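Observations on chain architecture
Residue-level listing of the chains:
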Amino acid sequence: MYNYGPPPNLTSLPVGSNYYKLENDPLYEAYRIREAERKKLSEKDYWSIHTSRLRPLNLIIDCDLFKHEIKSVDSLFEQFGNTHTNLNRKSMPLTELKTPIESIPLPVNWPMDVWAIEHPNQPLFDADFNIPNKEFYSMESMRPMDILKDHLSRCCILKWGTGARFYPHLDTLVPSHVIRLWGTNDPDNNHFCFWNESTGQYEREENVEPGRLYLADTSQFHHAYSTAEDVYTFFFALQVSSYETIKQLL
Ligand SMILES: [Fe+2]
């Protein structure tokens, strides 16, 4: 449905891109100071578990139960971020900040680079959202995540309509400050595509099981899109302290 050209070369970030500004613009010194203090997973440890783009984990969300429960919290979904608002991309958090920040949408429901660009004195990172919230505990379908409860980072449920998408991007560089999980209730309509350097194109992940959570190598360029209404994504980031638990779940 969507085709994109080759991703930019990482050794020269496009001037004017959010990450170029965050790395270089004097305005974002506070971001860079906090960025330098973040805990990271070493290259060796990162590549020891990310041996392919998506790796199935021994964690399954019961999709029937999930779909039943998610209806009762539908009013908690917000537009994802304040850009591309023509796209039907909604988000509901399962984790929150220790000290809440008032904002519509809530900071947890923003792309973190966009938040950082718009809030130079208040940079936030995935790992700041490490407190499981009421919905995390009240949804019985989330109980498989209990094993990772002490290692959660920014975790949201995304709800997309037809044509909603994330444009090609990276979530992390290696050494990585994050371990990312991904899953969906509707693999037929939730298309997750990674750049393949050897074929020179984005390739869709196939044979995705509904409800299964996968370890995702988001240090590779990827994009995603929806071809139906009410397509949910389990958009879960973990702290790097989850490494040993993740190894046991692979
Ligand atoms: Fe991503």
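So, here is what we can say about the structure in this document. Owing to the predicted nature of the structure, the values given are computational and were not obtained by experimental measurement.

Definitions and limits used
Residues numbered from 1 in each chain as written. Predicted model: local features only at pLDDT ≥ 70, side-chain atom pairs only at ≥ 80, totals over all residues. Helix = DSSP H or I, 4+ residues; strand = E, 2+ residues; numbered from the N terminus. Rg over C-alpha atoms; globule rule 2.2 N^0.38 Å. Buried ≥ 20, exposed ≤ 12 C-beta atoms within 10 Å, placed from the backbone. Contact = placed C-beta atoms within 7 Å. Pairing = 2+ DSSP bridges.

Scanning the protein chain for helices and strands turns up seven helices and 13 strands. Relative to the 2.2 N^0.38 estimate, which gives 18 Å for 250 residues, the radius of gyration of the protein chain is 17 Å and therefore close to what a compact globule would have. Considering only C-alpha atoms, the protein chain reaches an extent of 50 × 45 × 40 Å along its principal axes. The proportion of buried residues among the 250 residues of the protein chain is 38%. By sequence separation, contacts in the protein chain at least 24 residues apart represent 83% of the contacts at least 6 residues apart.

Take the pairing of strand S9 (residues 190-196) next. Buried residues dominate S9, accounting for five of its seven residues. Bridging between S9 and strand S10 (residues 201-204) involves four bridges; their strand directions are antiparallel. The residue bridging Phe194 from the neighbouring strand is Glu203, located in S10. Between S9 and S10, which pair antiparallel and follow one another directly, the connecting turn spans four residues, one of which, Gly200, has a positive phi of 70°.

Okay, the sheet that holds strand S8 (residues 179-184) next. Think of a sheet as strands paired side by side through backbone hydrogen bonds, with each pair either parallel or antiparallel. Taken together, seven strands build an open sheet; the order of strands is S1-S11-S8-S13-S6-S3-S2 and the sheet is antiparallel. On the outer flanks of this sheet lie strand S1 (54-60) and strand S2 (78-79), each paired with one strand and no other. Here five bridges tie strand S3 (residues 89-93) to strand S6 (residues 152-160), and the two strands are oriented antiparallel to one another. Residue pairing in the sheet places Arg89 in a bridge with Trp160 of S6.

The next subject is the pairing of strand S13 (residues 231-238). Across the eight residues that make up S13, a large majority, eight, are buried. Here S13 shows a buried face lined by Val231, Thr233, Phe235 and Ala237 and a second buried face lined by Tyr232, Phe234, Phe236 and Leu238. Here S6 runs beside S13; their pairing, made up of seven bridges, is antiparallel. For Cys155, the partnering residue across the bridge sits in S13 and is Phe236.

Turning to unusual backbone geometry, a few remarks are in order. Only a minority of non-glycine residues have a phi that is not negative, and only a minority of peptide bonds are not trans. A cis geometry characterises the amide bond from Ile104 onward to Pro105, with omega recorded as -10°. Cis rather than trans, the peptide bond between Val174 and Pro175 has omega equal to 0°. Structurally, Pro175 can be placed in the loop between strand S7 (165-169) and S8. Not every positive phi belongs to a glycine, and Asn207 is a case in point at roughly 60°. In this structure Asn207 comes out as exposed when scored by C-beta crowding, with 7 C-beta atoms within 10 Å.

Nothing here speaks to function; it is geometry throughout.
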